[in-house]
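Structure assessment
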Amino acid sequence: MTSDDEKKQPFIRLAMTTDVPAIKLIARKSFERYVPLIGKLPAPMNAYFSGHVLKGTVFIAQSEKKQGSVLGYAIVLQRDGEWLLDNIAVSPEAQGRGVGSALIAACKTFLQKRGVQRYHLNTDEAMEQNLTWYPEIGFVEMARRLEDGFSRIYFTKEMVPKSVDCNGVING
């Protein structure tokens, strides 16, 4: 049986500096299981969360609009003229409830408003769950390589702008 909280769509908003401790906790809880597989802390556990929050590129999902608990976060950033989904994590207790998909949708909206046509991400090959989920939501694997001691897999997602055909049907 599912509770009402499990059925509700999460509320997504830009993160504030007061959210940083919750974001760090979710990063730890989400990624610590990979330390033995990778042999060191996964890169998302070492992110400069405060700096990203100050740049206005961190989204959080929370259980309720006012004072709800933080369920997950996503960070987008621009590097060398390219946009990246740099980091996304959902609290283990909230996984499988659409939180990650809601965060991806918020990132996509953010990027579309900036005219971005594609964005990228990478994950470690040890994170097998990601290797299934990313293609399911439209990312295409582009490369695999060893980088900074991580066996990384690179993905890209094309964002087709929405258009309206002559019959008024929205495409894209």
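Above this text is the structure in question.
Heads up: these notes are all about the structure in this document. (Residues numbered from 1 in each chain as written. Predicted model: local features only at pLDDT ≥ 70, side-chain atom pairs only at ≥ 80, totals over all residues. Heavy atoms only, no water.)

1. With respect to the overall build of the chain
For clarity, the cut-off: Each helix is a run of H or I in the DSSP string that is no shorter than four residues. Each strand is a run of E no shorter than two, and both are numbered from the N terminus. Only protein chains enter the calculation, and the probe is 1.4 Å; a residue is then buried if its accessible area is under 20% of its type maximum, exposed if over 50%, and partly exposed in between. Throughout, a contact is declared for two residues whenever any of their heavy atoms are within 4.5 Å. Every accessible area reported is derived by Shrake-Rupley at a probe size of 1.4 Å, with residue values counting cover from the shown protein chains alone.
Tallying secondary structure elements over the chain gives six helices and nine strands in all. Considering the chain as a whole, with its 172 residues, one finds that 41% of them fall into the buried category. Relative to all contacts within the chain whose residues are 6 or more apart in sequence, the contacts with residues 24 or more apart total 58%. Summed over its atoms, the accessible surface of the chain is roughly 10000 Å², and 51% of this surface lies on carbon and sulfur atoms.

2. Quick word on the nonpolar core
The nonpolar side chains of a soluble globular protein tend to be buried with one another. For clarity, the cut-off: For this analysis, a nonpolar core means a set of buried residues of the types Ala, Val, Leu, Ile, Met, Phe, Trp, Tyr and Cys, connected via side-chain atoms within 4.5 Å.
One finds Leu85, Leu103 and Tyr119 to be the most contacted residues of the largest nonpolar core, which totals 25 residues. Of all the elements in the fold, those that place two or more residues in this core are β2 (58-62), β3 (70-79), β4 (82-90), α5 (99-113), β5 (118-124) and β7 (150-158). Tallying contributions element by element places α5 first for this core, with seven residues. The residues contacting Leu85, other than those within four sequence positions of it, are Ala74, Ile75, Val76, Ile104, Cys107, Tyr119, His120 and Leu121. Counting residues in each nonpolar core, the second largest holds 20 residues, with Ala27, Met45, Ala47 and Ile75 among its members.

3. Brief notes about the packing of aromatic side chains
Test applied: Between 30 and 60 degrees the pair is tilted, below 30 it is stacked and above 60 it is edge-to-face, where a pair is any two Phe, Tyr or Trp rings, Trp via its six-membered ring, whose centres lie within 6.5 Å.
Evaluated as defined, the whole model comprises seven aromatic pairs. The interplanar angle of 80 degrees and the centroid separation of 5.8 Å between the aromatic rings of Trp83 and Phe110 together place this pair among those described as edge-to-face. With Trp83 in strand β4 and Phe110 in helix α5, the pair connects residues that are 27 residues apart, well separated along the chain. Of the two residues, Trp83 and Phe110, both sit in the buried class.

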